[in-house]
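Take a look at the letters that make up each chain.
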Amino acid sequence: MDPVLLLMTTATYRAGAFLEAAARVGVPVVAGTERPQALAGLNPSAHLTLDFLALADSTRAIVSFAERRLLGAVIAADDEGVELAAMAASALGLTHNPVAAVATARSKRRTREAVSAAGLPSPRFRTVPLDEDPARAAARTAYPCVLKPLELSASRGVIRANRPSDFVEAFHRVARIARGAVPGGGKEILIEDYIPGREVALEGLLTRGNLRVLALFDKPDPLEGPYFEETIYVTPSRLGPDEREAIAGAAAGAARAIGLVEGPVHAELRLNDRGAFLVEIAPRSIGGLCSRALRFDDGVSLEELILRHALGQDVESLEREPLAAGVMMIPIPRAGRLEGVGGREEALRVPGIEDVRVTIPRGQEVVPLPEGSRYLGFIFARETSPERVEEALRAAHRLLRFDIQAPSRTAQGPRGPA
Amino acid sequence: MVTISDQARSRILGLMKAEKRDHVALRFGVQGRHGGEFVYRLAFVEESDRAATDVVVDAGGFQLYVDADSAPSLEGASIDYVEGPRESGFKIDNPNPVWPDPTARAVQQVLDTEINPAVASHGGHVTLIDVKDGIAYIALGGGCQGCGMVDVTLKQGIEVRVRELVPEIREIIDTTDHAEGRNPYYQPAKGGASPFSS
């Protein structure tokens, strides 16, 4: 079997899951990373160092590599690699999303434009330059609204404003976050209507433009701002069939409007009595370690399903397991230096809890939203019902004790899972 | 089985006296292997720590416990205490090969000559813990421990090269606790240890 080129950042959470899946499928992997791998010299045919931003140069490098070793598919594990994956797959004649569609999906503004133009439920939006006078922008805004840095993900820098005074304060804060976090300093802020309603996450797979919903996650904690920190995801959704259908329809419509046709999609939507509103859609699978909450048939992982699909294998028959499952992204309660997390053993003893993983080591600075974007870690649960999953996640979280000391002056918000 | 020099005995008895501890013994064992050498464990333990399978050596004034797993690798070893301008402390001479098993020796050779020089450039190191039934058990340390790319290093590098050069090895298992690592997952800079505390 020709190998799969797996594009991932060296800080990814996903390497292990994809490599494990590849071993199960029996397909060799070429690891495409933005920095050289320690042992690339010992196995050069399995490693490629690629600049994910230099799309044309990196595509040429991949094509040149493929002349020596044929590639069966190109898959991006993270947001950073999706455009290069589309461009390289296109150059190699492999199944892929159109490059322009992926570029649209990577831009919050262009996504909004495409979804709105297709007549799908969409918040009113506009973009404002970072150097705009916030008071002037505030006067031209309807409330409540949400301010988002165009280039960041995972709710980082996303703030709700209910009135002009909130807006001005939020604008300064979002601009500061964007300037500090975006290469080149960021250029614009997206301002859009706040959409009330229940938020869900949809994990899907596109095949020739047809969206198959792999899992629909409820987010039982209200996300009403001023910041939008993700916490609990539980599947299957407890929404009714009509609501689930509306959500699937909105996600499929958004993918169509943007032009996405092939491979995994992760979408976030809000549901209210006016319909299902797309918050965002990304041409990749769920971020962080959250994919561990998904299991198909007798133990097929999401990554295995994605690999099989990319290789042209039939995955239609793979269904999510009958058990309910969920994950809690452990929020950072306050800024400071993480000195320790206690109570893991007790949390693991909660019925239904499968694992508790803290992914920030002791001694590191932790920064809550909106400046930060990573989570302290992840709690995983499996149970007979979504209610029991949610209950188990909350019970386990209550047992964890976070020792966070006063922050140092140099605390920075690093990148995090989407 | 293990001999203890007069200097070492005197030093150990002095430490026991200084700590005012009764009913203690000295546990001696092989903790691991690193860089082609044994890593030893030498520590005071309560007499109640003695296991039925331990080899017990009367060291003259105290007892030495050697666990059954370590015993074959410590046959004929000696413990001395040296004090001088260049080195000071307990010195262990051990005539036994670090890896009696030729397969383990071959794996260690690959780690020493190919893997570790390469991962050292990324601040990491790989230690062979054991080889049993065609499985090599390793631990990754330094910059490798908890690194988001550790699976790439393991599956795409270590496993491929070791299996290529030592065909008797069919699997490599990483025994590292990556939560203890210095750079797990998304992290702005190196530094730190396990977040879990009891």
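Residues numbered from 1 in each chain as written. Chains lettered and ligands numbered in written order. Predicted model: local features only at pLDDT ≥ 70, side-chain atom pairs only at ≥ 80, totals over all residues.

1. Some remarks on the overall build of chain A
Inference 1: Each helix and strand counted, chain A has eleven helices and 21 strands in total.
Inference 2: Its C-alpha atoms give chain A a radius of gyration of 21 Å, near enough to 22 Å, the size a compact globule of 418 residues would have.
Inference 3: Taken over the C-alpha atoms alone, chain A extends approximately 60 × 50 × 50 Å along its principal axes.
Inference 4: For chain A, the share of sequence-separated contacts (at least 6 apart) that also reach a separation of at least 24 residues comes to 69%. (Helix = DSSP H or I, 4+ residues; strand = E, 2+ residues; numbered from the N terminus. Rg over C-alpha atoms; globule rule 2.2 N^0.38 Å. Contact = placed C-beta atoms within 7 Å.)

2. Considering the environment of Thr113(B)
Residues and elements named next belong to chain B.
Inference 1: Structurally, Thr113 is set in helix α3 (residues 102-120).
Inference 2: With 10 C-beta atoms counted inside 10 Å, the residue Thr113 sits in the exposed group.
Inference 3: In sequence terms Thr113 and Ile172 are 59 residues apart; their C-alpha atoms lie 18 Å from each other. (Buried ≥ 20, exposed ≤ 12 C-beta atoms within 10 Å, placed from the backbone.)

3. Description of the pairing of strand β6 (residues 145-149) of chain A
Residues and elements named next belong to chain A.
Inference 1: Burial analysis of β6 places five of its five residues in the buried class, which makes it a mostly covered element.
Inference 2: Burial of the side chains of β6 extends over both faces: Cys145, Leu147 and Pro149 are buried on one face and Val146 and Lys148 on the other.
Inference 3: The sheet contact formed by β6 and strand β7 (residues 159-161) spans three bridges and is antiparallel. Bridge pairing in β7 links Leu147 to Ile159. (Pairing = 2+ DSSP bridges.)

4. Some remarks on the domain arrangement of chain A
Inference 1: Segmentation of chain A into domains returns domain 1 (4-104), domain 2 (124-193) and domain 3 (323-418).
Inference 2: Once you take the C-alpha centre of each, domain 1 of chain A and domain 3 of chain A turn out to be 31 Å apart. (Domains from an automatic or database assignment.)

5. A closer look at the domain arrangement of chain B
Residue and element names in this part refer to chain B.
Inference 1: Domain boundaries assigned for chain B yield domain 1 (2-93) and domain 2 (102-180).
Inference 2: A C-alpha centroid distance of 30 Å is found between domain 1 and domain 2.
Inference 3: Taken together, the contact between domain 1 and domain 2 spans four residues of the former and five residues of the latter.
Inference 4: Of the residues contributing to the side of domain 1 that touches domain 2, the split by class is no nonpolar, three polar and one charged. (Nonpolar A, V, L, I, M, F, W, Y, C, P; charged D, E, K, R; others polar.)

6. What about the sheet that holds strand β1 (residues 2-4) of chain B?
All names here are of chain B.
Inference 1: The strand order across the open sheet formed by three strands is β1-β6-β7, and the pairing between neighbours is mixed. Both edges of this open sheet fall to β1 and β7 (88-93), since each of them pairs with a single strand only. Direction aside, the axes of adjacent strands within the sheet are offset by 20° on average.
Inference 2: Pairing between β1 and strand β6 (residues 77-83): three bridges, direction parallel. For Ile4, the partnering residue across the bridge sits in β6 and is Ile79. (Axes fitted to C-alpha atoms, helices over the stretch in contact; angles between N-to-C directions.)

7. Section: the confidence of the model for chain A
Inference 1: Residue-level pLDDT values for chain A average 92, and 96% of them are 70 or greater.
Inference 2: With pLDDT under 50 throughout, residues 411-418 of chain A is counted as low confidence; its partners more than four residues away or in other chains account for 33 contacts. (pLDDT = per-residue confidence, 0-100.)

8. Some words on the environment of His125(B)
Residue and element names in this part refer to chain B.
Inference 1: Along the chain, His125 turns up in strand β8 (residues 124-132).
Inference 2: Residue class for His125 comes out partly exposed when judged on the 19 C-beta atoms lying within 10 Å of it.
Inference 3: In this structure the C-alpha to C-alpha distance between His125 and Gly142, which are 17 residues apart in sequence, comes to 6.1 Å.
Inference 4: Residue contacts for His125: discarding those within four places in its chain leaves Asn116, Val119, Ala120, Gly141 and Gly142.

9. Concerning the nonpolar core
All names here are of chain A.
Inference 1: Core analysis: the largest hydrophobic core is formed by 143 residues, its most contacted members being Leu6, Ile75, Ala251, Ala254, Leu269 and Ile379.
Inference 2: The biggest single contributor to this core is helix α8 (residues 241-258), with eight residues.
Inference 3: If we ignore the near neighbours within four places in the chain, the residues touching Ala254 are Val115, Leu120, Ala267, Leu278 and Ile281.
Inference 4: Listed in part, the 21 residues of the second largest apolar core include Cys145, Val174, Ala178 and Ala181. (Core = buried A, V, L, I, M, F, W, Y, C linked by C-beta atoms within 7 Å.)

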